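Working through the structure, step by step
Take a look at the letters that make up each chain.
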Amino acid sequence: MGKLIRNISPAFHWYMQRISAMILVAGLFIHFWVLHFAIERPVTFEKVQDRLLSPGWVFFDIVLLTAVIYHAFNGLYNVISDYNPRPVLKKIIAWTLTIAGAVIIFYGILAILPFTRQGGV
């Protein structure tokens, strides 16, 4: 039986963990600055909805969501791998985390999309 996907080098995931960390630091700084300094107080549902009518903010939120999920699940996989599980269990864990991450990102995007049209929610 053939492999479902080709193996990706562990160096790729190490590199992506650092890239996602940089995206998180920049994204959290921007998110914090906008919510605490750029928007008039109080932050209301309508203000958030107005911000999400901009394609740039939708893109920002999707990139931030993807970086958070990748960083968290890759980090969890690395912690589990430090306990040196059997190769079969390691593969099951990797697939479980990959599928769970994809589902969470999918539902996160579905949650953002209604905000992208006027009077959407």
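Presented here is a report on the structure given in the accompanying data block.

A word on the overall build of the protein
The helix and strand tally for the protein stands at four helices and zero strands. Written out in order from the N terminus, the α and β elements of the protein read α-α-α-α. Taking 121 residues into account, the globule formula puts the C-alpha radius of gyration at 14 Å, and the protein, at 18 Å, lies well above it. For the protein, the C-alpha atoms occupy an extent of roughly 55 × 25 × 20 Å along the three principal directions. Relative to its full complement of 121 residues, the protein shows a buried share of 21%. Carbon and sulfur atoms provide 72% of the accessible area of the protein, an area that totals close to 8,900 Å². Seen as two clouds, the 10 positive and the 5 negative side-chain charges of the protein have centres 20 Å apart.

Re helix α2 (residues 45-52)
Gln49, Arg51 and Leu52 are the residues of α2 that are buried. In an axial view of α2, the angular spread of the buried residues amounts to 160 degrees, which keeps them on one side of the axis. Close packing links the buried residues of α2 with α1 (10-38) and α3 (55-82).

Considering α3
Here α3 contains 28 residues, and its C-alpha end-to-end distance of 40 Å stays within 8% of the 40 Å for a straight helix at 1.5 Å per residue. Every buried residue of α3 is accounted for by Val58, Phe60, Asp61, Leu64, Ala67, Ile69, Asn74 and Ser81. Along its buried surface, α3 packs onto α1, α2 and α4 (87-112). Phi for Asn84, located one or two positions after α3, is positive at around 55 degrees.

Side note on the packing of α3 against α4
Here α3 crosses α4 at 160 degrees, and the two axes come no closer than 10 Å. In terms of orientation, α3 and α4 fall into the roughly antiparallel class. In this structure, α3 crosses over α4, and the sense of that crossing is right-handed. Across from Val58, Asp61, Ile62, Leu65, Thr66, Ile69, Phe73, Leu76, Tyr77, Ile80 and Ser81 in α3, the residues of α4 making contact are Lys90, Ile93, Ala94, Leu97, Ala100, Gly101, Ile104, Ile105, Gly108, Ile109 and Ile112.

Some remarks on the packing of aromatic side chains
Inspection of every chain in the model, using the stated rule, returns four aromatic pairs. Judged by centre distance (5.7 Å) and plane angle (55 degrees), the ring pair of Phe45 and Phe115 falls under tilted. One end of the pair, Phe45, is in helix α2; the other, Phe115, is in the segment after α4, and 70 residues separate them in sequence. A relative accessible area of 16% places Phe115 in the buried class. The ring of Trp57 carries Arg51 above its face, with NZ or CZ at 5.1 Å from the centroid.

Observations regarding the environment of Gly75
For Gly75, the position within the fold is in helix α3. Placed 21 residues apart in sequence, Gly75 and Ser54 show a C-alpha to C-alpha distance of 32 Å. Beyond its immediate stretch of four places on either side in the chain, Gly75 contacts Gln17 and Tyr70.

What counts and how
Residues numbered from 1 in each chain as written. Predicted model: local features only at pLDDT ≥ 70, side-chain atom pairs only at ≥ 80, totals over all residues. Heavy atoms only, no water. Helix = DSSP H or I, 4+ residues; strand = E, 2+ residues; numbered from the N terminus. Rg over C-alpha atoms; globule rule 2.2 N^0.38 Å. Buried < 20%, exposed > 50% of the residue type's maximum accessible area, 1.4 Å probe, protein only. Areas by Shrake-Rupley, 256 points an atom, 1.4 Å probe, with all protein chains shown as cover. Lys, Arg positive; Asp, Glu negative; His and termini not counted. Charge placed at Lys NZ, Arg CZ, Asp CG, Glu CD. Arc of directions from axis to C-beta. Contact = heavy atoms within 4.5 Å. Expected span 1.5 Å × (residues − 1). Axes fitted to C-alpha atoms, helices over the stretch in contact; angles between N-to-C directions. Parallel < 35°, antiparallel > 145°, perpendicular 65-115°, else oblique. Left-handed = near helix turned anticlockwise from the far one by under 90°. Phe/Tyr/Trp six-rings, centres within 6.5 Å; stacked < 30°, edge-to-face > 60°. Lys NZ or Arg CZ within 6 Å of the ring centre and 35° of its normal.

Bear in mind that shape data such as this cannot, by itself, settle questions of function.
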